Amino acid sequence: MAETNIIVIGAGVLGLTSTLVLSKHANFKITVVAKHMPGDYDIEYASPWAGANYLPVGEPGTELCRYERDTWAELDRLVKNVPEAGIHHQPTVLYKRAKDASSVMSQKDPWFKNTVADFRIIPSSECPAGCEYGTAFTSVCINTAIYLPWLLGQCVKNGVVFKRSILSHISDAAALHHSGTPASITINCTGLSAGKLGGVMDPTVFPGRGQIVLVRNEPGVMGGLSGTDDAADEITYVMQRAVGGGTILGGCLQKDVWESQPDPNLAVRIMKRCVEFYPELTNGKGIEALSVIRHGVGLRPMRRDGLRVEKEKIEGNWVVHCYGHAGQGYQSSYGSVAEVERLVESIVGERARL
Amino acid sequence: MSFMGGAECSTAGNPLSQFTKHVQDNKSLQRDRLVGRGPGGLQEGMRSQAMGGGQDNMMNEFLNHPSQLPQGPNPASPFAMEQMRRELERTSQRTGSPAWAAEFDPGVQGPAAMDPGMQGPRSAGFNPAEFAKYEHMNATARAASPSMASQAGMMGYQRPMYGGGMGMGMGGMGMGMGGMGMMQQPYQQPIQAEGKGKGRMVELDDKDWEAQFAQMESTDTKDLDAEANAAMEAELNDMDRQLADEENFVDGMHMGDLDQWEGFDGLNTHSAMRDPQLGEYLFENENLFKDVSNPFQEGVRIMDEGGNLSLAALAFEAAVQKDPQHVEAWTKLGAAQAQNEKEQPAIRALEQALQLDPSNLEALMGLAVSYTNEGYDSTAYRTLERWLATKYPSLIKEPLSSGADIGFTDRQMLHEKVTNLFIEAAQLSPSGEQMDPDVQVGLGVLFYGAEEYEKAVDCFGAALASTESGTTNQQNQLHLLWNRLGATLANSGRSEEAIDAYERALALRPNFVRARYNLGVSCINIGCFAEAAQHLLGALAMHKVVEKEGRERAREVVGDAVNEVELDRMISQNQSTNLFDTLRRVFSQMQRRDLGDLVGPGMDVERFRSEFEF
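Residues numbered from 1 in each chain as written. Chains lettered and ligands numbered in written order. Predicted model: local features only at pLDDT ≥ 70, side-chain atom pairs only at ≥ 80, totals over all residues. Heavy atoms only, no water.

(A) Spotlight on the overall build of chain A. Along chain A, the regular secondary structure elements total five helices and 15 strands. For chain A, the share of sequence-separated contacts (at least 6 apart) that also reach a separation of at least 24 residues comes to 73%. In the structure as shown, chain A presents an accessible area of about 13200 Å², 51% of it carried by carbon and sulfur atoms. (Helix = DSSP H or I, 4+ residues; strand = E, 2+ residues; numbered from the N terminus. Contact = heavy atoms within 4.5 Å. Areas by Shrake-Rupley, 256 points an atom, 1.4 Å probe, with all protein chains shown as cover.)

(B) Expanded view of helix H3 (residues 144–157) of chain A. Residue and element names in this part refer to chain A. Between its first and last C-alpha, H3 extends 20 Å over 14 residues, near the 20 Å set by a 1.5 Å rise per residue. Buried residues of H3: Thr144, Tyr147, Leu148, Trp150, Leu151 and Cys155, and no others. The arc that holds the buried residues of H3, viewed along the axis, is 160°, so those residues lie on one side. Looking at the buried positions of H3, the neighbouring elements they touch are helix H1 (13–22), helix H2 (63–81), strand S3 (87–97), strand S5 (131–142), strand S6 (161–164) and helix H5 (333–348). Just past H3, the residue glycine 159 takes up positive phi, approximately 90°. (Expected span 1.5 Å × (residues − 1). Buried < 20%, exposed > 50% of the residue type's maximum accessible area, 1.4 Å probe, protein only. Arc of directions from axis to C-beta.)

(C) Fine view of unusual backbone geometry. Residue and element names in this part refer to chain A. Of note, the amide linkage connecting glycine 51 to alanine 52 takes the cis form, showing an omega dihedral of 5°. Along the polypeptide, alanine 52 turns up in the loop between strand S2 (28–34) and H2. In this chain, glycine 250 is followed by glycine 251 through a cis amide linkage whose omega measures -10°. As for its position among the elements, glycine 251 is in strand S11 (residues 247–252). The phi torsion at glutamate 315 lies on the positive side, around 50°, for a residue other than glycine. Assignment of secondary structure puts glutamate 315 in the loop between strand S14 (308–314) and strand S15 (317–323). The exposure class assigned to glutamate 315 is exposed, which follows from its relative accessible area of 59%.

(D) Region of the structure containing the pairing of strand S10 (residues 234–240) of chain A. Burial of S10(A) is extensive: six of the seven residues sit out of reach of the surface. Hairpin connection between S10(A) and S11(A): a loop of six residues separates the two successive antiparallel strands, and Val243(A) in this loop has a positive phi of roughly 40°. (Pairing = 2+ DSSP bridges.)

(E) Structural view of the environment of Arg241(A). Residues and elements named next belong to chain A. Here arginine 241 is to be found in the loop between S10 and S11. Residues arginine 241 and leucine 214 lie 27 residues apart in sequence; the distance between their C-alpha atoms is 9.9 Å. There is a polar contact of 2.7 Å between the side chain of arginine 241 and the backbone oxygen of glycine 51. (Polar contact = N/O pair within 3.5 Å; in protein donor to acceptor, adjacent residues only side chain to side chain.)

(F) Geometry of the UniProt feature "binding site: FAD" (unreviewed entry) in chain A. The sites that UniProt annotates as "binding site: FAD" (unreviewed entry) are Thr190(A). Position of Thr190(A) among the secondary structure elements: in the loop between strand S7 (185–188) and strand S8 (205–215). (UniProt positions renumbered as here; feature names shortened; annotations may be inferred.)

(G) Here's a closer look at the pattern of salt bridges. Residue and element names in this part refer to chain B. Tallied over the full model, the rule gives 38 salt bridges over all chains. Residues glutamate 328 and lysine 332 are paired through a salt bridge, measuring 3.5 Å at the closest nitrogen-oxygen approach. Of this pair, glutamate 328 and lysine 332 both sit in helix H15 (residues 327–339), four residues apart, which is roughly one turn of the helix. Across the salt bridge formed by arginine 514 and glutamate 341, the nearest N and O atoms sit 2.7 Å from each other. Residue arginine 514 is found in helix H24 (residues 513–525), and its partner glutamate 341 is found in the loop between H15 and helix H16 (343–356); the two are separated by 173 residues along the sequence. Note on glutamate 341: relative accessible area 1%, which makes it buried. (Salt bridge = Lys/Arg side-chain N within 4 Å of Asp/Glu carboxyl O.)

(H) Structural view of the environment of Met413(B). All names here are of chain B. Mapping methionine 413 onto the fold places it in helix H19 (residues 411–427). On the accessibility criterion, methionine 413 (3% relative accessible area) is buried. Taking the C-alpha atoms as reference points, methionine 413 and serine 378, 35 residues apart in sequence, are found 9.8 Å from one another.

(I) Region of interest: the packing of aromatic side chains. Applying the stated rule across the entire model yields 17 aromatic pairs over all chains. Here the aromatic rings of Trp387(B) and Phe422(B) are separated by 5.6 Å at their centres, their planes lie at 15°, and the arrangement is stacked. Highlighted residues: Trp387(B) in helix H18 (residues 377–391) and Phe422(B) in helix H19, separated in sequence by 35 residues. In this structure, Trp387(B) and Phe422(B) share a single accessibility class: buried. The ring of Tyr133(A) has Lys108(A) sitting right over it, with the charged end atom 4.8 Å from the ring centre. In this arrangement the basic side chain of Lys311(A) is found over the ring face of Trp318(A), its NZ or CZ atom lying 5.3 Å from the centre. (Phe/Tyr/Trp six-rings, centres within 6.5 Å; stacked < 30°, edge-to-face > 60°. Lys NZ or Arg CZ within 6 Å of the ring centre and 35° of its normal.)

(J) Geometry of the nonpolar core. Formed by 104 residues in total, the largest nonpolar core has its most connected members in Phe422(B), Leu583(B) and Met603(B). Top contributing element to this core by residue count: helix H14 (residues 309–322) of chain B, with nine residues. Taken domain by domain, the makeup of this core includes at least three residues from each of domain 1 (279–357) and domain 2 (374–472) of chain B. Aside from chain neighbours lying at most four places away, what touches Leu583(B) is Ala533(B), Leu536(B), Leu537(B), Leu540(B), Val599(B) and Met603(B). Formed by 57 residues, the second largest nonpolar core is a distinct cluster that contains Tyr67(A), Ile87(A), Val116(A) and Leu151(A). (Core = buried A, V, L, I, M, F, W, Y, C linked by side-chain atoms within 4.5 Å. Domains from an automatic or database assignment.)

(K) Up close: the side chain of His177(A). All names here are of chain A. Within the element layout of this structure, histidine 177 appears in the loop between S6 and S7. One polar contact links histidine 177 to serine 179, side chain to side chain, over a distance of 2.9 Å. Other than its neighbours up to four places away in sequence, histidine 177 contacts Asn5, Ile6, Ile7, Lys29, Ile30, Thr31, Lys163 and Ala183.

(L) Expanded view of the sheet that holds S2(A). All names here are of chain A. Overall, mixed pairing links the six strands, which are arranged S6-S2-S1-S7-S15-S14 in an open sheet. Among the strands making up the open sheet, the edge pair consists of S6 and S14. Pairwise comparison of adjacent strand axes, ignoring direction, gives a mean angle of 20° for this sheet. As paired strands, S14 and S15 are joined by seven bridges and run antiparallel to one another. Its bridge partner lying in S15, glutamate 312 is registered against valine 319. Packed onto the sheet, H1 meets strand S1 (4–9), S2, S6, S7 and S15 and runs at close to 165° relative to S2. (Axes fitted to C-alpha atoms, helices over the stretch in contact; angles between N-to-C directions.)

(M) Spatial organisation of the UniProt feature "repeat: TPR" (unreviewed entry) in chain B. Within this structure's numbering, the places UniProt gives as "repeat: TPR" (unreviewed entry) are residues 327–360 and 479–512 of chain B. Between the end C-alpha atoms of residues 327–360 of chain B the distance is 9 Å, and the span holds 79% helix and 0% strand.

(N) Representation of the confidence of the model for chain B in the model. All names here are of chain B. Overall, the predicted model of chain B reaches an average pLDDT of 67, with 48% of residues at or above 70. Segment residues 65–81 is flagged for pLDDT under 50; beyond a separation of four residues in sequence, or across chains, it makes 37 contacts in the model. Every residue in residues 92–209 is under pLDDT 50, and counting partners more than four places away or in other chains gives 315 contacts. (pLDDT = per-residue confidence, 0-100.)

(O) Seen up close, the environment of Glu343(B). By the secondary structure assignment, Glu343(B) is in helix H16. Expressed as a C-alpha distance, the spacing of Glu343(B) and Asn578(B), which sit 235 residues apart in the sequence, is 8.6 Å. Once residues within four sequence positions are removed from consideration, Glu343(B) is found in contact with Arg353(A), Ala338(B), Ser370(B), Asn373(B), Glu374(B) and Arg514(B).

Quick look at the structure:
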C-alpha cells in the first residue's frame with residue numbers, strides 16, 4: 001500500500017492535535033519529534049501553562065475566526081463523550097467595563113453566540129460596579145495537564161512514534177522518521193521556536209508573556225474582565241479546570257517579554273483582582289484564603305500577522321506550517337488542524353484503483 | 001517502518017530478528033552484485049549497462065568473502081551487523097563461491113539445497129530482444145520506488161534465475177525463528193479492512209503454532225471467534241511490550257503486512273473509522289430479483305449489456321441466495337461489486353467463490369486485484385501465486401507460500417518469488433506477442449504492487465494489444481484492462497494519460513463506476529476539484545438508481561412504522577466508503593466542508609445537483 005511518512009515537529013497542543021487527526025489516515029506513518037513533551041514544564045513549552053478555555057477572539061472573516069468556529073464541535077463532543085480527555089463545560093461570565101473599548105470577546109452580539117450554548121446578556125444591574133453589561137454562555141475549560149497526555153496517548157494508539165529531539169534546522173527532521181525512510185512531509189508546530197529554527201527563522205514571532213496563579217479554590221465559574229486599571233497589559237480572568245485541575249487565575253499579556261520567572265507583585269495583583277470580581281473564589285474572603293498550588297509563566301507564541309497555516313517547500317521538502325496561535329491555540333486547534341490535513345492531502349494526492 | 005511482518009516477530013532474545021532486518025536492508029546490494037552473474041557472457045555488458053561501476057567492487061568483495069556482507073548503503077547498527085555475521089558464519093552453505101556462483105549460470109547445476117527456487121536446468125529462456133527493451137526501460141525506471149523494489153524488479157524481469165536465490169537462502173536462515181506468528185503492532189495497518197474473510201483469529205500457542213497456522217490456512221475459515229480475539233489481543237499486547245523494548249533494532253525493518261489478521265476487528269483505532277468487518281457476504285435486504293426465475297442469467301445479461309452494476313449485483317445476490325453453491329454467480333457478484341467500486345463486498349463474494357472452488361482462476365485474479373487495492377500486498381502476491389499454480393502447475397517446484405512459511409512472509413521476498421514464477425510462465429511462449437495475456441495482467445499487478453509502474457504499464461499494454469485469447473482480454477473484459485492501465489498511469493503521476501485510458505474504459509462501459517471514480521481521482525490530482533466532484537457524484541448516482549427502487553420496495557414491505565434513518569440502514573448494506581471518503585476530501589479541498597458533512601451512507605445525491613452537473 002502506498003504509505004506516506006510524516007514527521008511532526010513539536011508536541012504542544014497543535015503538534016499533538018495535528019498528529020492525532022493525521023494519524024487517523026491508515027496510510028500515514030507519523031513520527032513526532034520534540035524537545036518538550038507532555039509532563040514537562042518549561043518556558044519554551046507554552047501549552048502546559050495554558051488554562052485553557054474556549055473564548056473566541058477572531059474577527060469575522062479571518063482565518064482565526066474560521067478555525068475557532070470549526071473547533072467548537074469537537075471540544076463539545078469530547079466533553080460529552082470522552083471525560084478522560086479532561087475537558088468540561090463551564091458557565092462563562094464576561095464583564096464589559098464602561099471604560100474599556102469593545103472587542104470580539106466582549107461584544108453583545110459576537111459571531112459565536114450561536115455556536116456556544118445558552119448565550120445571554122447580563123444587565124448592568126447584575127454586574128459589578130463600573131460594568132456596562134456582561135455576557136454569559138456555557139463554554140469549555142480544558143485541564144491541559146490531562147488533555148495533552150491524553151492527546152499523546154490517543155496518537156500512540158494509532159501507531160504514532162514519539163521521539164525527543166532538538167533540531168537546529170527543519171531539514172534535519174525528515175531523517176528522524178521511525179521507519180528509517182525519510183519523511184516526505186514535515187509538519188512545523190514549533191510555536192515560538194519557529195523564530196529560531198533553521199530553514200524557518202520567522203522574524204515575526206514574539207512572546208506574549210502570561211503569568212498565572214494556579215489555586216485549589218473552585219469558584220464553579222469561568223470569567224473575564226474586558227480590562228483592568230492596574231496596567232494596560234494586565235488582564236483578569238478565572239478558569240476552573242476539569243477533573244480537579246485547580247483554578248487558573250490570570251493574568252497578563254506582556255508582548256516581547258521573555259521573563260520566565262513569576263513576578264511576585266504581579267501575582268498579588270492578579271489574585272486581588274480575581275478575588276474582587278469573582279468572590280465565589282474565596283467566599284468573600286481576601287487573597288489569604290486562596291490555596292496556591294503554583295505560580296506559572298507561559299509565553300504565548302504570537303506572530304505579527306497572526307497564525308500561520310500553509311504549505312511550503314523548504315530545500316526541496318514539503319513543510320506544512322502550523323504555528324503562531326498566540327493565546328488561541330486550544331480554541332482553534334481542531335479547526336487549524338483541519339486545514340493542515342487538507343494541505344497534507346493536497347500534497348499526497350489521491351490514489352487510483354486497479 | 002518499524003513494524004514486523006508475520007512470523008518474523010520474535011521475542012527479545014532472538015538474534016535472528018536483527019538478521020532478517022538486515023537482509024532486507026541490504027537487498028539492493030545483493031541484487032546489484034548478482035546482476036552480473038547472468039547467463040551466457042552478458043555479465044559485463046549487463047552490469048555496465050544496468051549498474052554503476054561502483055557495484056563491481058562490492059560484487060568482488062562479496063564473492064571473495066561470502067561469509068560477510070559488506071556494509072549496505074544504510075549500515076545497520078553495529079550490533080545487528082555482528083549478529084548477522086555470526087549467523088552467516090554458522091551456515092555452511094555460505095562457503096565456496098564457485099559452487100554458489102554456479103547457481104546462477106543456467107548451464108550448470110548448482111547445489112539444489114542452496115537455492116530452493118532454482119532447481120533443475122534452465123532453458124535458454126532468455127529473449128535478447130525482450131531484454132533490450134526492458135533493460136532500456138529499467139535504466140529509466142529507477143525513480144522514487146524503494147531501492148529494494150526496483151532492484152527486485154529489474155533483476156526479476158531480466159534474470160529469472162538470478163539472485164532471488166541469494167535472498168531466499170538468507171531468508172531460509174530466518175526460518176529457524178521461533179516465537180509467535182503474530183504482528184507487532186497490528187493496529188498500525190488497515191486491519192479495519194473490511195472483512196477479508198480469512199478469519200484466522202484463533203489462538204495460537206507457542207509450541208505448535210506453525211502446525212496450527214498451516215491448518216488454518218488450509219481450512220480457510222471465515223468465522224471470527226470473539227473469545228479467541230480477546231485472547232489474541234492479550235497476547236498481542238504482550239508482544240507489543242516486549243517488542244517496544246527492541247524498537248531500536250527494528251528501525252528499517254521492512255514491514256510485512258497484516259493480512260493474517262484480516263477480519264480481526266478486536267483492536268480499535270482505525271477500526272473506529274469504518275464498520276466492523278465480517279467474513280460473510282452481507283446481502284441487500286430487499287432484492288428485486290428474489291422472485292425472478294433465473295436471476296443469474298439476468299445478471300449476466302445486465303453485465304454484458306453494460307447495464308447498471310448495482311442492478312447486476314442484486315441479480316447475482318439473488319442467484320447465490322437461491323443456490324449458495326453456484327460458484328460462477330459468486331465470481332460474477334464479486335466482479336460486479338469491484339467494478340461498482342465496492343471493494344469489501346467484492347472480496348467477500350470472491351472469497352466465497354474460492355471456498356467453493358479453490359482453483360477458480362477468475363476469483364483468484366479478481367482477489368489479487370482487490371487485495372492490492374486494499375493494501376494487502378502479501379495476500380495479493382500469495383493469491384497470484386495460487387493463480388499461477390492453478391494454471392501452470394508444471395512451473396511449481398516448491399510448496400506454495402502460506403502464512404506458515406516464516407521466511408516467505410517477508411513481502412519483498414514473496415514478491416520476488418511470485419514475480420519469478422510469472423516470468424517463467426511468460427517465457428513458456430515462444431515470443432512476446434503470444435504470451436498469455438492473463439500472465440501479463442498478473443505480472444502487471446505484481447509490478448503495480450511494487451510501485452514499478454513503468455513495467456506495469458508495459459504489461460497491461462501488452463495484454464491489451466495481445467491477440468491471444470485469455471480471460472482478461474476478452475471483448476467484454478477490455479474495459480477492465482483499460483481501467484487497470486489507467487490506474488497504473490495515474491499512480492505514477494501520468495494523470496493526463498490516465499484520463500485517456502479511463503475514457504476508453506467508459507466508452508466501452510459507461511456504467512463502469514470504478515473508472516468514473518478513478519477519473520474523479522485524476523481530476524483531483526490535477527487540481528480540477530469541481531470536475532472531480534462531478535465524477536464522484538455521478539458514480540454515487542449510479543448506486544442510487546437501485547437504492548431508490550430498493551427503498552420503494554423496502555417501504556412497501558415494512559410499512560410506515562420505520563423511519564427514514566432505519567430504512568436507509570436497511571437498504572444500505574454495501575456502501576462504497578471509498579467514494580464517500582474521496583468525495584469528502586474533494587469538498588475539503590474546495591473549502592466546502594459544509595458539503596462534505598452531507599456525504600455518507602444514505603446521503604441524498606440529488607441535493608448536489610444544484611451545484612454540480614452529473
